[in-house]
Amino acid sequence: MKLKLIKSGKVERESGKLFNKLFGKRQEADYEDFYEVEESDLKPLIPKISDLFKEIELIINGDED
């Protein structure tokens, strides 16, 4: 599904990369015994995550064009 959204241009390629990065971090946090996330690692991602949420919201609302 994600590739379809990227190839169609509904989601930016960089947003797809960000999604992959966040998903990987979540997987590590879920399945590693002792996984710590540093604020300094995530803080720079917050504006990008906000943009990703906006892209997703536009798709959900049908306003992506």
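Values in this document were obtained by computation on a predicted structure and should not be read as measured data.

A.B. asks: So what exactly am I meant to see when it comes to the overall build of the protein here?
C.D. replies: When helices and strands are tallied, the protein shows 4 helices and 0 strands. Listing each helix as α and each strand as β along the protein from the N terminus yields α-α-α-α. The C-alpha atoms of the protein give 14 Å as radius of gyration, which overshoots the globular expectation for 65 residues (11 Å, by more than 25%). Taken along its principal axes, the extent of the C-alpha atoms in the protein is 45 × 20 × 20 Å. Here the protein has roughly 5600 Å² of accessible surface; of this, 53% comes from carbon and sulfur atoms.

A.B. asks: Even after reading the chapter, I still don't get a nonpolar patch on the surface, so can you show me in this structure?
C.D. replies: A surface patch of nonpolar side chains, amounting to about 330 Å² of accessible area, comprises Phe 53, Ile 56 and Ile 60. Structurally, Ile 56 is set in helix α4 (residues 46-61). In this structure Ile 56 comes out as partly exposed when scored by relative accessible area, which is 35%.

A.B. asks: Help me understand the pattern of salt bridges in this model?
C.D. replies: Pairing between side chains of opposite charge can happen when their charged atoms approach one another. Tallied over the full model, the rule gives 3 salt bridges. With a shortest N-O distance of 3.2 Å, Arg 26 and Asp 30 are connected by a salt bridge. Residue Arg 26 and its partner Asp 30 are both found in helix α2 (residues 13-31); the two are separated by 4 residues, about one turn of the helix. Among the residues examined, Arg 26 registers a relative accessible area of 48% and is labelled partly exposed.

A.B. asks: Looking at this structure, how should I read the packing of aromatic side chains?
C.D. replies: Each aromatic ring pair is described using two quantities: the centre-to-centre distance and the angle formed by the ring planes. One pass over the structure, following the stated rule, counts 1 aromatic pair. On the basis of an interplanar angle of 10 degrees and a centroid distance of 6.4 Å, the ring pair of Phe 19 and Phe 23 is categorised as stacked. Residue Phe 19 and its partner Phe 23 are both found in helix α2; the two are separated by 4 residues, about one turn of the helix. The partly exposed category is assigned to Phe 23, whose relative accessible area is 42%.

A.B. asks: I keep staring at the packing of α2 against α4 and nothing clicks. Help me out?
C.D. replies: Axes are the key here: two packed helices are described by the angle between their axes and the distance separating the axes. Direction vectors running N to C along α2 and α4 enclose 115 degrees, while the axes themselves pass 10 Å from each other. Of the possible angle classes, the one that applies to α2 and α4 is roughly perpendicular. When you trace α2 past α4, the crossing you get is left-handed. On α4, the residues touching Ser 15, Leu 18, Phe 19 and Leu 22 of α2 are Lys 48, Ile 49, Leu 52 and Glu 55. Partitioning the contact of α2 with α4 into residue classes produces 5 nonpolar, 1 polar and 2 charged.

Here is what the cut-offs are and how they apply
Residues numbered from 1 in each chain as written. Predicted model: local features only at pLDDT ≥ 70, side-chain atom pairs only at ≥ 80, totals over all residues. Heavy atoms only, no water. Helix = DSSP H or I, 4+ residues; strand = E, 2+ residues; numbered from the N terminus. Rg over C-alpha atoms; globule rule 2.2 N^0.38 Å. Areas by Shrake-Rupley, 256 points an atom, 1.4 Å probe, with all protein chains shown as cover. Patch = residues over 30% accessible without salt bridge, like charges linked within 9 Å, V, L, I, M, F, W, Y side chains within 5 Å. Salt bridge = Lys/Arg side-chain N within 4 Å of Asp/Glu carboxyl O. Buried < 20%, exposed > 50% of the residue type's maximum accessible area, 1.4 Å probe, protein only. Phe/Tyr/Trp six-rings, centres within 6.5 Å; stacked < 30°, edge-to-face > 60°. Axes fitted to C-alpha atoms, helices over the stretch in contact; angles between N-to-C directions. Parallel < 35°, antiparallel > 145°, perpendicular 65-115°, else oblique. Left-handed = near helix turned anticlockwise from the far one by under 90°. Contact = heavy atoms within 4.5 Å. Nonpolar A, V, L, I, M, F, W, Y, C, P; charged D, E, K, R; others polar.

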